[in-house]
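# Structural features, examined
Here's the letter readout for the chains.
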Amino acid sequence: MHSDGNEVVTDLSPVIRVYKDGRVERIFRSPHVPPSPEDSATGVSSKDLNISSDLKARIYVPKLSTVTADNEKLPILVYYHEYRLAPEHPLSAIYDDSWTALQWVGSHVLVNPKFEKEEWLIEHGDFEKNLRRRRQCRR
């Protein structure tokens with residue numbers, strides 16, 4: 001007898017459903033907020049990047065005063081907010097993604113990295129000062 005892959009094996013509505021064929025349906029999703037070239041309320045600019053096929057990043061740069069903008073470097077804050085979720089991805093994916101992101105940031109100080117360096121990091125980032133923060137995903 002042929003089993004139906006559409007059979008729900010785990011139903012945690014209104015958050016998630018897991019089907020017999022392995023598919024995962026996320027019912028509740030956070031809305032996507034697009035990056036802003038310059039937010040008029042805060043003066044902060046942001047843009048999205050692809051670090052790898054599985055990993056994306058959003059970079060923020062505050063509006064700097066014209067007096068100090070040419071030579072002011074800011075600490076680099078690596079903040080983990082969104083990541084690949086279980087059960088679609090193994091639990092170790094968050095560690096792999098975190099390490100990939102840190103390597104990507106750190107590789108901007110190399111002379112000849114195997115990718116195009118991110119201009120905002122080079123212009124505004126102080127690679128001697130960096131912080132790492134994580135927010136637990138509650139979905």
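Residues numbered from 1 in each chain as written. Predicted model: local features only at pLDDT ≥ 70, side-chain atom pairs only at ≥ 80, totals over all residues. Heavy atoms only, no water.

The cut-off we apply is this: UniProt positions are given in the numbering used here, feature names are shortened, and annotations may be inferred rather than shown by experiment.
If you look the protein up in an unreviewed UniProt entry, it shows as Alpha/beta hydrolase fold-3 domain-containing protein from Datura stramonium. For the protein, the Sequence similarities (unreviewed entry) comment in UniProt is given as "Belongs to the 'GDXG' lipolytic enzyme family."

### Describing the nonpolar core
Defined as follows: Buried residues of nine kinds, namely Ala, Val, Leu, Ile, Met, Phe, Trp, Tyr and Cys, make up a nonpolar core once their side-chain atoms join them within 4.5 Å. Per-residue accessibility, obtained with a 1.4 Å probe over protein chains only, is compared with the maximum for each type, and a residue is labelled buried under 20%, exposed over 50%, and partly exposed between these values. Helix and strand assignments come from DSSP, with helices taken as H or I runs of at least 4 residues and strands as E runs of at least 2, each series counted from the N terminus.
The biggest cluster of nonpolar side chains holds 14 residues, and the ones touching the most others in it are I51, I59, I76, V78, W104, V105 and L121. Going through the elements one at a time, β5 (56-61), β6 (74-80), α1 (93-106) and α2 (119-124) are the ones with two or more residues in this core.

### Side note on the sheet that holds strand β3 (residues 24-26)
Stated formally: Here, strands pair whenever DSSP counts at least two bridges between them. Lines fitted to C-alpha atoms define the axes here, with helix axes fitted over just the stretch in contact, and angles between the N-to-C directions of these axes take values from 0 to 180 degrees.
The strand order β1-β2-β3 describes an open sheet built from three strands, whose pairing is antiparallel. Of all the strands in the sheet, the pair left with one neighbour each is β1 (8-12) and β3. Neighbouring strand axes in the sheet, compared pairwise and without regard to direction, differ in orientation by 10° on average. Two elements, strand β2 (residues 16-19) and β3, share three bridges in a ladder whose sense is antiparallel. By the bridge assignment for β3, V18 is matched with V24.

### A short note on the side chain of D97
Note the threshold: Two residues qualify as a contact provided that any one of their heavy atoms is within 4.5 Å of a heavy atom in the partner residue.
Tracing the backbone through its elements, the reader meets D97 in helix α1. Residues contacting D97, with those up to four places away along its chain left out, are L55 and R84.

### With respect to the pattern of salt bridges
Rules: We count a salt bridge whenever a side-chain nitrogen from Lys or Arg sits within 4 Å of a carboxyl oxygen from Asp or Glu.
A complete count under the given rule lists eight salt bridges for this structure. Between R26 and E88 there is a salt bridge, and its shortest N-O distance comes to 2.8 Å. Of this pair, R26 sits in strand β3 while E88 sits in the loop between β6 and α1, and the two are 62 residues apart along the sequence. A relative accessible area of 35% means that E88 is categorised as partly exposed. Of the charged contacts, one joins E118 and K47 as a salt bridge, the two residues approaching to 2.8 Å between their closest N and O atoms. Of the two residues, E118 is situated in the loop between α1 and α2 and K47 in strand β4 (residues 45-50); the sequence distance between them amounts to 71 residues. On the basis of relative accessible area, E118 is assigned to the buried category, the value being 8%. Salt bridges sharing partners connect three or more residues here, namely D11, R17 and E25.

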